[in-house]
Amino acid sequence: MKIMVAIKRVVDYAVKIRVKPDKSGVETKNVKMSMNPFCEIALEEALRIKQSGLASEVVAVSIGPVQFTETLRTGLAMGADRAIHVEATENIYPLTIAKILKALVDVEKPGLLLLGKQAIDNDQNQTGQMVAGLLKWPQGTFASKVVLDKEKQVATVDREVDGGIETLSLDLPAVITTDLRLNQPRYATLPNIMKAKSKPIKKFTPQDLNVEIKSDFEIVEVTEPPKRKAGLILSSVDELIDKLKNEARVI
């Protein structure tokens, strides 16, 4: 079985986000970029499935400008067998990404598509669900545990919900999006980083895949959240209750 993993290049999680002066988006110039943490978890899970003998190949996929190849090289250094880069310079939103992933699935014929549950740059949490709908494949979102049965061609997924853990049984092929507690991604070793330089990255454009890039919505303005007010030290419980009742109006 082949596993395809979608990965995204985002502003590093440790970087303090700054909004552009014209409020058109987030500043990315001269900012450290890295693989989306949820995508790292998805790739790690694919590599563990392969190491267990349940998959024969792991293919990393990324959609975006030429700089995204750097992130793909990181994925190859982690252990992916090969990579696919769909080069696009325009801003691409979840539905278009889902259409591109569907087109790649039609080409590659994987038995499992893994994605991070969301990207930390926009937190939209839409692509996995959309591509599952386009493919008409079963989906398991927010996965905290994945178990494959190769003989029955079934994936058992534990997913985190408000009430606890929900367990799903999915017929393969399927789409699974990964949550934080699924695993701890590995670090790429220096020898593997060197080997990654010789691993193939296949190039596509959206036009090659017969996908039209068009904006599904318009970003009117991006602003920073309001600054939190300074806290107060209160002298008694009665004073706290009074402020919650008369100022915050929450009781």
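Summarised in this report is the structure supplied together with it. If you're wondering where the values come from, they're calculated on a predicted model, not measured in any experiment.

1. Regarding the sheet that holds strand 5 (residues 82-87)
Inference 1: In spatial order, the strands read 9-8-7-10-6-1-4-5-11; together these nine strands make up an open sheet with mixed pairing. Each end of this open sheet is capped by a strand with a single partner; those strands are strand 9 (164-171) and strand 11 (201-204). Between one strand axis and the next, the sheet turns by 30° as a mean value, whatever way the strands run.
Inference 2: Of the strand pairs in this sheet, strand 4 (residues 57-64) and strand 5 are connected by six bridges, and their pairing is parallel. Bridge assignment links V61 to a residue of strand 5, and that residue is I84.
Inference 3: Lying over the sheet, helix 2 (residues 68-78) contacts strand 4, strand 5 and strand 11, oriented at roughly 165° with respect to strand 5.

2. Considerations on unusual backbone geometry
Inference 1: Omega for the bond connecting L172 with P173 falls within 30 degrees of zero, at 5°, which places this linkage in the cis form.
Inference 2: With phi around 55°, N30 is a residue other than glycine that occupies positive phi space.
Inference 3: Looking at where N30 falls in the secondary structure, it is placed in the loop between strand 2 (9-11) and strand 3 (33-35).
Inference 4: On the basis of relative accessibility, which here comes to 85%, the residue N30 falls in the exposed class.
Inference 5: At F142, a position not held by glycine, the phi torsion is positive, near 55°.

3. A few points about empty space enclosed by the protein
Inference 1: Scanning the model with the defined rule gives one cavity of 30 Å³ or more in all.
Inference 2: Contributing to the lining of the largest cavity are M1, L54, L148, D149, K150, Q153 and L172.
Inference 3: Partitioning the lining of the largest cavity into residue classes produces four nonpolar, one polar and two charged.

4. A look at the pattern of salt bridges
Inference 1: A complete count under the given rule lists 13 salt bridges for this structure.
Inference 2: Between R48 and E44 there is a salt bridge, and its shortest N-O distance comes to 2.7 Å. With R48 and E44 both in helix 1 (residues 37-51) and four residues apart, this pair spans about one turn of that helix.
Inference 3: Overall, E44 belongs to the buried group, its relative accessible area being 3%.
Inference 4: The partner of E108 in a salt bridge is R82, and the shortest N-O contact between them spans 2.5 Å. Placement of the pair is E108 in helix 3 (residues 94-108) and R82 in strand 5, with a sequence separation of 26 residues.
Inference 5: In this structure E108 comes out as buried when scored by relative accessible area, which is 8%.
Inference 6: We classify R82 as buried; its relative accessible area is 19%.

Procedures and definitions
Residues numbered from 1 in each chain as written. Predicted model: local features only at pLDDT ≥ 70, side-chain atom pairs only at ≥ 80, totals over all residues. Heavy atoms only, no water. Pairing = 2+ DSSP bridges. Helix = DSSP H or I, 4+ residues; strand = E, 2+ residues; numbered from the N terminus. Axes fitted to C-alpha atoms, helices over the stretch in contact; angles between N-to-C directions. Contact = heavy atoms within 4.5 Å. Buried < 20%, exposed > 50% of the residue type's maximum accessible area, 1.4 Å probe, protein only. 1 Å grid on protein atoms, 1.4 Å probe; cavity = no way out; pocket = protein on both sides within 12 Å on 5 of 7 lines; lining within 4 Å. Points joined across faces, edges and corners; volume = space filled by probe spheres on them. Nonpolar A, V, L, I, M, F, W, Y, C, P; charged D, E, K, R; others polar. Salt bridge = Lys/Arg side-chain N within 4 Å of Asp/Glu carboxyl O.

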